[in-house]
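The primary structure of each chain is shown beneath.
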Amino acid sequence: MGVNQNPLVLIDGVPGDLKMVAPQDIESIDVLKDGSAAAIYGTRGMNGVIIITTKRAGANNRTSVEYSTYASIQTIAHKLDMSTAAYMRAQIADSLRQNQLIDQGASTDWLKEITRTPVSQDHNLTIRGGNSVTNYLASLNYDNAQGLFLKSYNQVFSGRFDMNHSMFNNKLKLNVNAFSSSRKLNGFNSNDYRQAIMQNPTAPVKNPDGTWFQELTKFDYQSPVSDIMESDGQTNEVLSRYNGTVTLLPVKGLKLSALFSYSKWMQEYGYAETKQHASTLRDGRNGYAREGGAESIDRLMELTGEYSKSIAKNNFSLLAGYSYQENDYTNHSMENWNFPTDIFSWHDIGLGRAISSGDYVGLVNSYKSTTNLIGFFGRLTYNYDQRYLLMASVRKEEASQLWGANNKWGTFPAISAGWRISHEEFMSHQKIFNDLKLRIGYGVTGSQPSDLFRSVALLGYSGFVLSNGSWIQTLVPTQNANPDLKWEEKRETNIGLDFSILDGRAGGSIDLYDRQIHNLLYLFAVPSPPNLYNQTLANVGVLQNKGIEVSLNFIPVTNKNFIWNSMVNFSTNSNKLKSLSNDLYKTSTDYIRVGAIFPPIQTFSHLLKVGGSVGDFYGYKVVDIGDDPSDAANYGQWIYEGQDGKPVKYSDFGHSFEDKRVIGNGLPKYYLSWNNNFQYKNWDLAITQRGAFKFQIANLQRMMFENPTQAQYNLLKNAFDPVFGKAVLKSPVEFNSYYIENGDFWKIDNITLGYNFIKTGIKYIQSARIYVASLNTFIITGYKGIDPEVSLRNGTSTAQSGVVQVPTSGLDPGMDSPYKYPTTRTFSVGLNVNF
Amino acid sequence: MKKINHSIKIWIITFLSIPTIFLACTKLKDTSYNQIISSEFTPTSSELPALAGAAYVDWRGLLLQWNTVYRAEEVSGDEMLTPARPNGWVDGGVYRRIHEHKWTTDDDVVINIWTRAYQGITNCNRIIYEVQSSSIPVAAKDTASLIGEMKLLRASYYWMLCDIYGNVPIVDRFDVPAGYLPVQNTRKEVYDFIVSDLIDNIPKVTDEVSTKTYGKFNKWAGLTLLAKMYLNAQVYTGTPEWEKCKAVCDTIINFANSTGKFILEPNQKNVFVTENENSKEIIFALPFDSKYVNDWNSFDVHMQTLEPENQKTYNLQSSPWGGVCAIPQFINTFDPDDSRLTDNFIMGQQYTASGDSIFGTMGAFVGKPLAYRNYVPGVDQSEEVDGYRLGKFEIAMGATNRLSNDWPLFRYADVLMMKAECLLRTGDANGAAALVTQVRERDFKSDPAKAVVTGVQLLKGSSYDYGLRSHLDSTFEGGADIQYGRFLDELGWEFNQEARRRTDMIRFGVFTTKSWLSHSPNGDYRALFPIPTTEIDKNSNLKQNPGY
């Protein structure tokens, strides 16, 4: 819950981004999930570390050139089953529904009108050369992807240069690395997808005179085709990164290295709407434009020294280091409207009258923040005869987000031990295990708050007040300062067993982990008065997360022509909120309400109880539906389970907090993935599959679009079907168990079939490969929504009215937003050529 | 070997000394670019209005933002309701619960009024503390009046808490000891605290009525508040204070008569137009300006009451949300010649700004004329033409989703009516009738005789046709049995839509005893709102109000 939500990505030892390396350049990827392994990386390693090693030139002194390209198209994998024009007319003819949506005489598939079959292409050229003393890599990449929705696209052109050189008899090693990318894109407004779903299927796209058909007097309703066609936007981004690493090995056993990195990201964007857009036709904007930009500069310096020594069978190594990282971020934006003409788009934004009229406040903005992170770390590793292994490390960090706090330093120790059982004397005669290793570890990583200056008293410019005839902006304290704020800590204990048997034909690892997050950072409710505000960011509570991960790989078949490689990953996870109070903050209740649902519901969605699991949906439990036409107040209305467990009729139901109960859980209990690679002579086939089991999803799409009281918008085909076969629903939109569905699924994701040309017969081509692939190929699930792989974070709740939205991330999983647009299936064909 | 060891030592020492240099580099970034770090800030006198004005801001949110005093006072009463509309307005049943007096202890309305009122109180206490400890630079001659003004403002926040919840904690200091949790007081203790703070501090503030004191608590705003406390004393404490109320009203009326600073506007509408800051009927207002007060929902009565199609009537910058409307039984109490009926309510066929008829787009009225009619089937269902809409506050052409009309919290007509009520309740019905007639004169210009009310008429019951009146049920209770019911009607005709109906209905014994539209009485304990469960969760000193 702190600032770190993402894992640390290291590219050849330098912190970076997955965007910075083309997939074709990756040699290997290692993932460190183990807390003790990640602890040395400090707060950045809290969510795990992904170590990417890029391909290097070999020692054969040959310069190789590799060109790879692929092209792909996408289709929508699964759509909502909304009414078509024909279906709606049939329902009206059968008197199943009245004509709240006026029949405008046409038949339109609105989703089809705003989507297309997007085509994407990617080209990559990599030159690798050198020898063991000096080697280099240079690559260029061009990626042009069309978006599924009209006018959306993403084009990237990037280049990477990497060079290694060793001098003085390998005593001094230098690495220089530069990466630069230039990106141009136009995004997609998810509101247009929502409008496409809601639009009247009998409405035409255009009027006979060629203008867009609109029904703008309807609330929150506008033609999505017009929205897309009468607006334009573009975002440009440039990212440049330069790294240098110097490694000195002055004497045997001693290695000193220094890493310097500078990266700069710049963005500028623009967006405009013409005078035919709904914003003018309905809201009187008379043309609209906005533009802005942002810049983020990161500087990193890391100094480490490592000393290794071996005495007899004892091998030691000691590492010490210092790390400094800083970030400068700025952004600026402005918006304007009321233009004399809309033909200049956002390129002459000063022509708009809104800013110069002085009638509006807040049209021009800028922002700046600077942060830094400082750490000292040390690590000792020891092994005896490669059989008994021990590692201990500690990292002390301070972050500027905790400036002014009493405990701004965080200490992150880790210790782990391993026993390579297979190397023991008593194991030398057995033939089963080729490799068997037992490991156990404990590590602490931390996370700091994402906002700055939470520990100290702040004043800010707030609401306006009329003072002696003029409006002035008041200056008020903006938060409850908490000088006791400190690092959120994740303490992880891990026991694992790695094994390999049958001469490497099978192997795997089993891990048991227990993660406890202490000092959870959360906006805790406090009484006001005496506090300035009724929420304080504090470290409160303990959240526990434990489970088992089993990873197996085996080669069921291997012979001269055919190899079959298989990998299975299984994990199970349980989590529990262990406590919610500490010595400073106590509640008399043992729960927190989490998550938020958009209008017209406007309440929380999950409840996190002490002793309970993360992800419990909290709402009303549906028992039945009123089906007695003579009981007009309850006919077609939900019958809920009351506080005593007995059914309560709708007109008697209080809709209070006590009437809610746990109606499902959004976090899967089990994850399973099964990946297979087949090779037959020159053919290769790879299939990845995965699934998640024992969890529920809140199908908010059905909640909104299956409710016939919303008949002024388009609805799902089954909205007028009687609920439970008894009565058509008359209740308003409510968050209840009828819309909580099991989300269990099995997905066959990536299928790639390739053919390798080992001997091409052409003189200069060393090897080549062509392949076809599909992504998101099949899914087997009972879930009625678009895709059961729902993001763990509910990012789409917005409030129309002043309902306080509790900011959460990860604590309200499983909400399948009604505005989430469809996932796609991708088909691609590609070619790699090595010269 | 020795040589190598020596080299190692040199290298290690050299290397370790590098970070030692950088150990100095443990300085964290400490510059804030959008908020001021308090410890580095020393205010000057030019910042005084910005610092001291902060406590007034919270009143706007307390009165008008979403699900707050306005809803609690009006949607719970017999003047207006928010029925389920074809486009929504169910929001988990909260408006229906307010109408049926079935609100829960954690409904938004219950939570918001508490948090917003106490936000204002905390700001007042903080500013008083900062002035007394000289953290805010105030000239010595102004200190007493500024502290006095803050205490009057604080008393006004406590007035809302006293009226809505009754038994709330009194916190009158900012510098409380660590670990302090407020202790709950009784309603009478809160009333006594408010009255004594008002009496002590009214003499300390200015009696000037000008642009300088507009929107701020001066002597007259303080006196009007004191009169309101005395008017409702019997409800708050059990002991009526009609004579004291009358005396305070007389002080204000004498000032108005002798200086002409407060008058009755010749048109009631003048008090509620967009540019109403110069109205001499206003004694204390909450100023609004859509440019500067731009929180979402800061003042959006027009968005809540008009249907989306009305966007074209006023060329509004966004579509209204269509919901709140007047209860037909209330509209039926108006004399057809009372100009307040047409001035305060939007009814009949709706037109665009250029005069074209507007048609409905939802439910059963798709394609049919959008003409608001005085009929509502029930709180559980309605069409988009049902119910007259709220039009007391002028809706400016081209308005955003926020109005710029100032909200008149205290106005001169109220002072006259408060005195009239006290006269009526202490046996002088004729004296009361004369004042009521004075207030009514501007509303019966087409038939001046109808403006006249006699003492005998004023002693009668209410003409409100109380009883259930929905598509499910009809009962007939009537209002003839209400003591001084006619006066309650006069209050309704003059002060509807001004966020005070519930308070008036309680004072006349009607709020928890009569039925209207879909509402049946749900218990006398409902005259008080419950203490929010979220607050009891945080502070174990708080006990829930009886009945909940």
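Look up: the structure comes first, before these words.
Residues numbered from 1 in each chain as written. Chains lettered and ligands numbered in written order. Predicted model: local features only at pLDDT ≥ 70, side-chain atom pairs only at ≥ 80, totals over all residues. Heavy atoms only, no water.

(A) Representation of the overall build of chain A. For chain A, the helix and strand inventory stands at eight helices and 41 strands. With the principal axes as the frame, chain A shows a C-alpha extent of 90 × 75 × 65 Å. For chain A, long-range pairs separated by at least 24 residues make up 70% of all intrachain contacts whose partners lie at least 6 apart in sequence. Of the roughly 36,700 Å² of accessible surface on chain A, a fraction of 56% belongs to carbon and sulfur atoms. Counting 77 positive and 76 negative side-chain charges, chain A places the centres of these two groups 7 Å from one another. (Helix = DSSP H or I, 4+ residues; strand = E, 2+ residues; numbered from the N terminus. Contact = heavy atoms within 4.5 Å. Areas by Shrake-Rupley, 256 points an atom, 1.4 Å probe, with all protein chains shown as cover. Lys, Arg positive; Asp, Glu negative; His and termini not counted. Charge placed at Lys NZ, Arg CZ, Asp CG, Glu CD.)

(B) Spatial organisation of the interface of chain A and chain B. Contacts between chain A and chain B engage 95 residues on the former and 89 residues on the latter. Regarding the contact of chain A and chain B, the summed buried area is about 8,000 Å², with carbon and sulfur atoms giving 62% of it. Here chain A is connected to chain B by one salt bridge. The partner of B:Lys29 in a salt bridge is A:Glu326, with the nearest N and O atoms 3.2 Å apart. (Buried area = accessible area lost by both parts, 1.4 Å probe. Salt bridge = Lys/Arg side-chain N within 4 Å of Asp/Glu carboxyl O.)

(C) Highlighting unusual backbone geometry. Residues and elements named next belong to chain A. Residue proline 529 is bonded to the preceding serine 528 through a cis peptide linkage, with omega at -5 degrees. Mapped onto the elements, proline 529 comes out in the loop between strand E22 (521–525) and strand E23 (535–539). Backbone torsion omega between proline 529 and proline 530 reads 10 degrees, so that peptide bond is classified as cis. Within the secondary structure, proline 530 sits in the loop between E22 and E23. For asparagine 776, which is not a glycine, the phi torsion comes out positive at approximately 60 degrees. Inspection of the secondary structure puts asparagine 776 in the loop between strand E38 (767–775) and strand E39 (778–781). The class of asparagine 776 is buried, set by a relative accessible area of 12%. (Buried < 20%, exposed > 50% of the residue type's maximum accessible area, 1.4 Å probe, protein only.)

(D) Layout of helix H9 (residues 219–231) of chain B. Residue and element names in this part refer to chain B. For H9, spanning 13 residues, the distance from its first C-alpha to its last is 18 Å, which sits close to the expected 18 Å at 1.5 Å a residue. Of all 13 residues in H9, twelve are buried; the element is thus mostly enclosed. Where H9 is concerned, the buried positions are Trp220, Ala221, Gly222, Leu223, Thr224, Leu225, Leu226, Ala227, Lys228, Met229, Tyr230 and Leu231. (Expected span 1.5 Å × (residues − 1).)

(E) Local environment of the state of the cysteines. Residue and element names in this part refer to chain B. One pass over the structure, following the stated rule, counts zero disulfides over all chains. Free cysteine cysteine 249: the closest other cysteine sulfur is in cysteine 245, separated by 4.1 Å. A residue is classified by how much of its surface remains accessible, and cysteine 249, at 0% relative accessible area, is buried. (Disulfide = S-S within 2.5 Å.)

(F) Expanded view of the pattern of salt bridges. Tallied over the entire structure, the rule returns 74 salt bridges over all chains. Linking A:Arg387 and A:Asp385 is a salt bridge whose minimum nitrogen-to-oxygen distance equals 3.1 Å. Look at A:Arg387 and you get buried, because its relative accessible area is 14%. Salt-bridge contacts for B:Asp78 lead to B:Arg501; the nearest nitrogen and oxygen are separated by 2.8 Å. Of the two residues, B:Asp78 is situated in the loop between helix H4 (69–75) and strand E2 (80–81) and B:Arg501 in helix H20 (residues 501–507); the sequence distance between them amounts to 423 residues. For B:Arg501, a relative accessible area of 2% corresponds to the buried category. Here the residues in one salt-bridge network are B:Glu281, B:Asp338, B:Arg340, B:Lys392, B:Arg411, B:Arg442, B:Asp443, B:Glu494 and B:Glu498, joined through shared partners.

(G) Spatial organisation of the environment of A:Asn534. With respect to the secondary-structure elements, A:Asn534 resides in the loop between E22 and E23. Along the sequence, A:Asn534 and A:Ile114 sit 420 residues apart, while their C-alpha atoms lie 45 Å from each other. With residues near it in sequence (within four places) discarded, A:Asn534 still touches A:Asn480, A:Phe524, A:Ala525, A:Val526, A:Ser528, B:Thr115 and B:Lys538.

(H) Just the pairing of strand E4 (residues 49–54) of chain A, in detail. All names here are of chain A. In this structure, strand E1 (residues 8–11) lies alongside E4, joined through four bridges in parallel fashion. Paired with valine 9 across the two strands is isoleucine 50, which belongs to E4. Both strand E3 (residues 26–32) and E4 contribute to a ladder of six bridges, which runs antiparallel. Within E4, the position partnered with aspartate 30 by the bridge is isoleucine 51. (Pairing = 2+ DSSP bridges.)

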